[in-house]
Amino acid sequence: MTDVTDGVLHTLFHSDQGGHEQVVLCQDRASGLKAVIAIHSTALGPALGGTRFYPYATEEEAVADALNLARGMSYKNAMAGLDHGGGKAVIIGDPEKIKTEQLLLAYGRFVASLGGRYVTACDVGTYVADMDVVARECRWTTGRSPENGGAGDSSVLTAFGVYQGMRASAQHLWGDPTLRAKRVGIAGVGKVGHHLVEHLVAEGAEVFVTDVREEAVRRITERHRNVLAVKDTDELIRIDGLDVYAPCALGGALNDDTVPVLTAKVVCGAANNQLAHPGVEKDLADRGILYAPDYVVNAGGVIQVADELHGFDFERCKAKAAKIYDTTLAIFARAKTDGIPPAAAADRIAEQRMAEAAAARGW
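Residues numbered from 1 in each chain as written. Predicted model: local features only at pLDDT ≥ 70, side-chain atom pairs only at ≥ 80, totals over all residues. Heavy atoms only, no water.

Novice: Explanation requested: the overall build of the chain in the structure shown.
Specialist: Across its full length, the chain carries 15 helices and 12 strands. Long-range pairs, those at least 24 residues apart, make up 65% of the contacts in the chain with a sequence separation of at least 6. Only carbon and sulfur atoms are counted for the fraction: they give 50% of the accessible area of the chain, which is about 16,000 Å². Positive and negative side-chain charges in the chain, numbering 37 and 47 respectively, have mean positions lying 4 Å apart. (Helix = DSSP H or I, 4+ residues; strand = E, 2+ residues; numbered from the N terminus. Contact = heavy atoms within 4.5 Å. Areas by Shrake-Rupley, 256 points an atom, 1.4 Å probe, with all protein chains shown as cover. Lys, Arg positive; Asp, Glu negative; His and termini not counted. Charge placed at Lys NZ, Arg CZ, Asp CG, Glu CD.)

Novice: Help me understand the pattern of salt bridges in this model?
Specialist: Side chains that carry opposite charge are capable of pairing whenever their charged atoms lie near each other. Enumeration over the complete set of coordinates arrives at 19 salt bridges. For D211, the salt bridge goes to R213, with nearest N and O atoms at 3.1 Å. You can call D211 buried: its relative accessible area is 14%. Two residues, D338 and R348, come together in a salt bridge whose shortest N-O distance is 3.0 Å. One end of the pair, D338, is in helix α14 (residues 324–338); the other, R348, is in helix α15 (residues 342–360), and 10 residues separate them in sequence. By relative accessible area, which is 38% here, R348 ends up partly exposed. Through salt bridges with shared partners, a single ionic network connects R52, D65, K88 and D123. (Salt bridge = Lys/Arg side-chain N within 4 Å of Asp/Glu carboxyl O. Buried < 20%, exposed > 50% of the residue type's maximum accessible area, 1.4 Å probe, protein only.)

Novice: Looking at this model, I keep getting lost on the side chain of D132. Mind explaining?
Specialist: Mapped onto the fold, D132 is located in helix α5 (residues 128–134). R144 is the oppositely charged side chain nearest to the buried, salt-bridge-free D132, at an N-O distance of 5.7 Å. With residues up to four places along the chain from it excluded, the contact list for D132 reads R144, S145 and N148.

Novice: Is there a simple way to explain the state of the cysteines in this structure?
Specialist: Linking two cysteines covalently through their sulfur atoms gives a disulfide. Taken as a whole and judged by the stated rule, the model has 0 disulfides. For C26, which is in no disulfide, the shortest distance to another cysteine sulfur is to C138 and amounts to 11 Å. Free of any disulfide, C268 has its nearest cysteine sulfur in C248, 8.4 Å distant. (Disulfide = S-S within 2.5 Å.)

Novice: Is there a simple way to explain helix α7 (residues 193–203) in this structure?
Specialist: Since the α-helix turns once every 3.6 residues, residues separated by three or four places project in the same direction. Along α7, the positions that sit buried rather than exposed are G193, H194, L196, V197, L200, V201 and E203. Buried positions along α7 lie against α6 (155–174), β7 (183–187), β8 (206–210), α8 (214–223) and β10 (244–247).

Novice: In this structure, what is going on with the packing of aromatic side chains? I would like to understand it.
Specialist: Both the distance between ring centres and the angle between the ring planes are used here to describe each pair of aromatic rings. As enumerated under the stated definition, the model contains 3 aromatic pairs in all. The interplanar angle of 65° and the centroid separation of 5.1 Å between the aromatic rings of Y54 and Y56 together place this pair among those described as edge-to-face. Look at Y56 and you get buried, because its relative accessible area is 9%. Judged by centre distance (6.5 Å) and plane angle (75°), the ring pair of F312 and F314 falls under edge-to-face. (Phe/Tyr/Trp six-rings, centres within 6.5 Å; stacked < 30°, edge-to-face > 60°.)

Novice: Help me understand the sheet that holds strand β9 (residues 228–229) in this model?
Specialist: Each strand in a sheet pairs with another by means of backbone hydrogen bonds, the pair being arranged parallel or else antiparallel. One open sheet accounts for 6 strands, arranged β9-β8-β7-β10-β11-β12; its pairing is parallel. Here the strands that pair on one side only, and so sit at the sheet edges, are β9 and β12 (290–291). In this structure, strand β11 (residues 266–267) lies alongside β12, joined through 2 bridges in parallel fashion. Each bridged residue has a counterpart across the sheet, and for V266 the counterpart in β12 is L290. (Pairing = 2+ DSSP bridges.)

Taken by themselves, the reported measurements are silent on function.
Given below as structure tokens:
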């Protein structure tokens, strides 16, 4: 057995990041499908999480990502108050090169073979149209188009939830939930980020944006002449007097290089896995920077896809997403009481809910 496999198995069975209930390796040679489905927990109900389609450098990297993402979904779903555990799937390969209808149908059959233990949805590299194809083989598929019984794009409610997290952060730090006249920097103005801009502009915030894609920035600045674009994230996080930093692109935005130079007093964004490694949350706290845990504030999307299983109702979902404001405030209160960073407080609350559910089931 190779060191690579040993590393994955050690993570799964022995590390604090493991403890997953099930990991499924999927292969369909006819279509070229290679996928990993990871189920972290079903204590609260069927595992729910998206399908990531990405050209991983190695199979080990793909498995590790699936394990990490699935675990994160357990915590996200618990904090969102959903009756779902955490799961995630990754399809290995460049979606621009290998994604086909045949491959997606084969993937759908693998998800269906789990009998509802895992409910899938969109993620990086997969879209509503893809879920429509997967759903032809698997009824445990969300994130479908309205024409096919789904709710469509979840970015609207994801952005709304992040906005509620920002309002809670402002209430906690400044005693007022308004973001009017606050300086907010958004890194990544794609599917979620551009909706977040709309909320902030409507409230009168001073908004700065950056994105690796010029067309994404141009779409914002042509619509809102008062929104300012900066060259890159490195410049954004150094803006004098920045009140809120919103990472809305890739993970790992908060790391040993960025935290020491960050001028913002609050971090609240849509990106997953913002903390590059354990300990970053303490570094933020030591600098007096309030961190709204990413998996709490970006839960609007998963709230939407979960609702799709019961017959989607946008207003019902929006009402649930609005509660992210109260949840975020509760996390800040718990962090203050326990003398720990907000990220650790969120973990404790999520773990308590999962443990109580498992105990009620006699597990």
